[in-house]
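So the chains spell out like this:
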Amino acid sequence: MNFLGAFYLILLFCLSFAIVHLFKLAYVGFLSIKKLPEPPEKEDEKPKKEKQPEPVYYIVEKKRARKSTYSEPKEIQFKK
């Protein structure tokens, strides 16, 4: 009797797995049909003037100089 329950459990898992993947494949196929390829754009017979690329500006931060002298260390006291 336990064998029959395990068999049905495996059968149910395989059917569920197959159904889910069939729906996913159908959805992907539907999306591929829905999107039609765009026709290639025709280029004008006259060559267009090529635009000069705009200059690129970089922001450079200066490195801060290290302190040459440090203050005396402070003493910390804890309350008892």
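These figures come from a predicted structure and were not determined experimentally. (Residues numbered from 1 in each chain as written. Predicted model: local features only at pLDDT ≥ 70, side-chain atom pairs only at ≥ 80, totals over all residues. Heavy atoms only, no water.)

**Student:** Got a minute to help me understand the overall build of the protein in this structure?
**Tutor:** When helices and strands are tallied, the protein shows one helix and zero strands. Out of the 80 residues in the protein, the part that is buried amounts to 0%. Only carbon and sulfur atoms are counted for the fraction: they give 63% of the accessible area of the protein, which is about 10500 Å². (Helix = DSSP H or I, 4+ residues; strand = E, 2+ residues; numbered from the N terminus. Buried < 20%, exposed > 50% of the residue type's maximum accessible area, 1.4 Å probe, protein only. Areas by Shrake-Rupley, 256 points an atom, 1.4 Å probe, with all protein chains shown as cover.)

**Student:** Is there a simple way to think about a nonpolar patch on the surface in this case?
**Tutor:** Where nonpolar side chains cluster on the molecular surface, the patch consists of Met1, Phe3, Leu4, Phe7, Tyr8, Leu11, Leu15, Ile19 and Phe23 and spans about 1100 Å² of accessible area. In this structure, Leu4 sits in helix α1 (residues 2-34). (Patch = residues over 30% accessible without salt bridge, like charges linked within 9 Å, V, L, I, M, F, W, Y side chains within 5 Å. Salt bridge = Lys/Arg side-chain N within 4 Å of Asp/Glu carboxyl O.)

**Student:** It is not clear to me how the packing of aromatic side chains should be interpreted in this structure. Could you clarify?
**Tutor:** The geometry of an aromatic ring pair comes down to the distance between the two centres and the angle between the two planes. Counted by the stated rule, this structure contains two aromatic pairs. Ring centres of Phe7 and Tyr8 lie 5.8 Å apart, and the angle between their planes is 55 degrees; this geometry places the pair in the tilted category. For Phe7, a relative accessible area of 44% corresponds to the partly exposed category. (Phe/Tyr/Trp six-rings, centres within 6.5 Å; stacked < 30°, edge-to-face > 60°.)

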